Amino acid sequence: MGERLKDKVAVITGGTSGIGRGTVDLFLAEGAKVVVGDVQEHRGEEMTLTLGDNFSYCQTDVSQEADVKNLVDHTVEKFGRVDCMFNNAGFGGVGGQLDEIDMDGFDTSVGVLLKGVFLGYKYAVPVMKKQGSGSIISTASVAGLQAGFGPQVYSACKAAVAHLAKTAALELGEFNIRSNAICPGGIATPIFASALELGANAADEFAEFMKPRLAKLQPVARSGVPNDIAEMALFLASDASTFVTGQIIAVDGGLTAGRMRGLSDAVNFEETINEFLSTHQSS
Ligand SMILES: NC(=O)c1ccc[n+]([C@@H]2O[C@H](COP(=O)([O-])OP(=O)(O)OC[C@H]3O[C@@H](n4cnc5c(N)ncnc54)[C@H](O)[C@@H]3O)[C@@H](O)[C@H]2O)c1
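Rules and cut-offs
- Residues numbered from 1 in each chain as written.
- Predicted model: local features only at pLDDT ≥ 70, side-chain atom pairs only at ≥ 80, totals over all residues.
- Heavy atoms only, no water.
- Helix = DSSP H or I, 4+ residues; strand = E, 2+ residues; numbered from the N terminus.
- Rg over C-alpha atoms; globule rule 2.2 N^0.38 Å.
- Buried < 20%, exposed > 50% of the residue type's maximum accessible area, 1.4 Å probe, protein only.
- 1 Å grid on protein atoms, 1.4 Å probe; cavity = no way out; pocket = protein on both sides within 12 Å on 5 of 7 lines; lining within 4 Å.
- Points joined across faces, edges and corners; volume = space filled by probe spheres on them.
- Nonpolar A, V, L, I, M, F, W, Y, C, P; charged D, E, K, R; others polar.
- Pairing = 2+ DSSP bridges.
- Axes fitted to C-alpha atoms, helices over the stretch in contact; angles between N-to-C directions.
- Salt bridge = Lys/Arg side-chain N within 4 Å of Asp/Glu carboxyl O.
- Contact = heavy atoms within 4.5 Å.
- Polar contact = N/O pair within 3.5 Å; in protein donor to acceptor, adjacent residues only side chain to side chain.
- Core = buried A, V, L, I, M, F, W, Y, C linked by side-chain atoms within 4.5 Å.

Observations concerning the overall build of the chain
Across its full length, the chain carries eight helices and seven strands. Its C-alpha atoms give the chain a radius of gyration of 18 Å, within 12% of the compact-globule value 19 Å for 283 residues. Judged by the C-alpha coordinates and their principal axes, the chain covers about 50 × 40 × 40 Å. Within the chain, the fraction of its 283 residues that count as buried is 50%.

Next comes the structure, spelled out in structure tokens:
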């Protein structure tokens, strides 16, 4: 148990799974009070039962303005302030080739992946301005830094989220509010199964299944894990980083450092999904 976030209050969206869940555990262990906004109510209820008084869950669809406003209001009511807003909720978004993409899927994807992040800024900023401090962190992606790491709409939204971290930093610096984005590489989480509608438990199994495959993706020869991103979020939320703002920080085991020889046959997501489905259905 550390004290790097002692007396700080953090909001984490998408905190019932994967990177967000890992960040909840680390932030609580470092003394923060944490509110999670997510759509997975059953998981939020389980976490409320086990994580103690410094934790609170608020059912939130980040693409809905009223929900995000309610999330921030809930946090201020419960814990009195918002020191860190971690805009982390996300999913793979709509897939397909450019000329096939369904526009309802496009709107839903942009709603969660870009509007959801923007709303986090919109409602955290007034609270942080009153306090005279705050740290806003958003989860972008290596897919927003380089082409070829994700679907079209996902990648475009993540690039926008990364850039928003910079434009917001310019506006917010004078209020002592910092704004940064983290770009994870291949992190073993249920996100890779989000399009498969497998249910939460099978999606967790799929994350484990991905680990040896993701290990081949980058120079550091292991899969990324949620704690890798949580540690960067901890740094950005803590007073260790009070001179760090407007930055887009890749936490990717070196994936974006350059192209590795032999990378082309490292991970075929379609094959991996089919392989998982065949073992899952037969078990
Ligand atoms: N896992 C990776 O390799 C990777 C790489 C780059 C970026 N990311 C980003 O990291 C973030 C976290 O993803 P993860 O890998 O932990 O996946 P995950 O599926 O484990 O977690 C995503 C969480 O977001 C929640 N969520 C989805 N839509 C929501 C909505 N409309 N409102 C509120 N909550 C919602 C989900 O319920 C889930 O709890 C995402 O923004 C994702 O795009 C992940």
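Here we look at unusual backbone geometry
Notably, Asp 7 is not glycine yet its phi reads approximately 70°, a positive angle. Relative accessible area serves as the criterion here: at 56%, Asp 7 is assigned to the exposed category. One non-glycine residue, Asn 176, adopts positive backbone phi at about 60°. Counting through the fold element by element, Asn 176 comes out in the loop between helix 5 (152-172) and strand 6 (177-184).

Topic: the layout of surface pockets
Of the volumes computed, that of the second largest pocket is approximately 160 Å³. For the lining of the second largest pocket, a count of residues per class yields one nonpolar, six polar and four charged.

Observations regarding the sheet that holds strand 1 (residues 9-13)
The strand order 3-2-1-4-5-6-7 describes an open sheet built from seven strands, whose pairing is parallel. Strands at the two margins of the open sheet, each flanked by one partner only, are strand 3 (55-59) and strand 7 (248-251). When the angles between neighbouring strand axes are averaged without regard to direction, this sheet yields 20°. As judged from the four bridges shared by strand 6 and strand 7, these two strands associate in the parallel manner.

Re the pattern of salt bridges
The full count for this structure, using the stated rule, is 11 salt bridges. One salt bridge in this structure joins Arg 4 and Glu 30, with 3.1 Å as the shortest N-O distance. Here Arg 4, found in the segment before strand 1, pairs with Glu 30, found in the loop between helix 1 (18-29) and strand 2 (33-38); they are 26 residues apart in sequence, far enough to count as distant. Under the relative-accessibility criterion, Glu 30 is labelled buried at 9%.

Digging into empty space enclosed by the protein
Throughout the structure, instances matching the rule amount to one cavity of 30 Å³ or more. Of the voids in this model, the largest cavity is the one considered here, and its volume is about 50 Å³. Forming the walls of the largest cavity are Thr 13, Val 62, Val 68, Met 85, Asn 87, Asn 88, Ala 89, Val 112, Gly 116, Val 117 and Gly 120. Listing elements by their share of the lining of the largest cavity, those giving two or more residues are strand 4 (84-87) and helix 4 (103-131). No other element matches helix 4, which puts four residues into the lining of the largest cavity. Residue composition of the lining of the largest cavity, by class: six nonpolar, five polar and no charged.

Things to note about the environment of Asp 252
With respect to the helices and strands, Asp 252 occurs in the loop between strand 7 and helix 8 (269-282). The spatial distance from the C-alpha of Asp 252 to the C-alpha of Ala 162 is 15 Å, given a sequence separation of 90 residues. Residue contacts for Asp 252: discarding those within four places in its chain leaves Val 142, Cys 183, Gly 185 and Gln 218. A polar side-chain atom of Asp 252 sits 2.5 Å from a polar atom in the side chain of Thr 256.

So, the nonpolar core
For soluble globular proteins, the rule of thumb is that nonpolar side chains tend to be buried together. By size, the foremost hydrophobic cluster in this structure holds 32 residues, and its most contacted members are Met 85, Tyr 121, Met 128, Ile 136 and Leu 172. For this core, the secondary-structure elements that each account for two or more residues are strand 1, helix 3 (65-79), helix 4, helix 5 and strand 6. Residue contributions to this core peak at nine residues, all from helix 4. For Ile 136, the contacting residues outside a window of four places in its chain are Met 85, Asn 87, Tyr 121, Val 125, Met 128, Leu 172, Ile 177, Arg 178, Ser 179 and Asn 180. Formed by 28 residues, the second largest nonpolar core is a distinct cluster that contains Ala 32, Met 47, Phe 55 and Cys 84.

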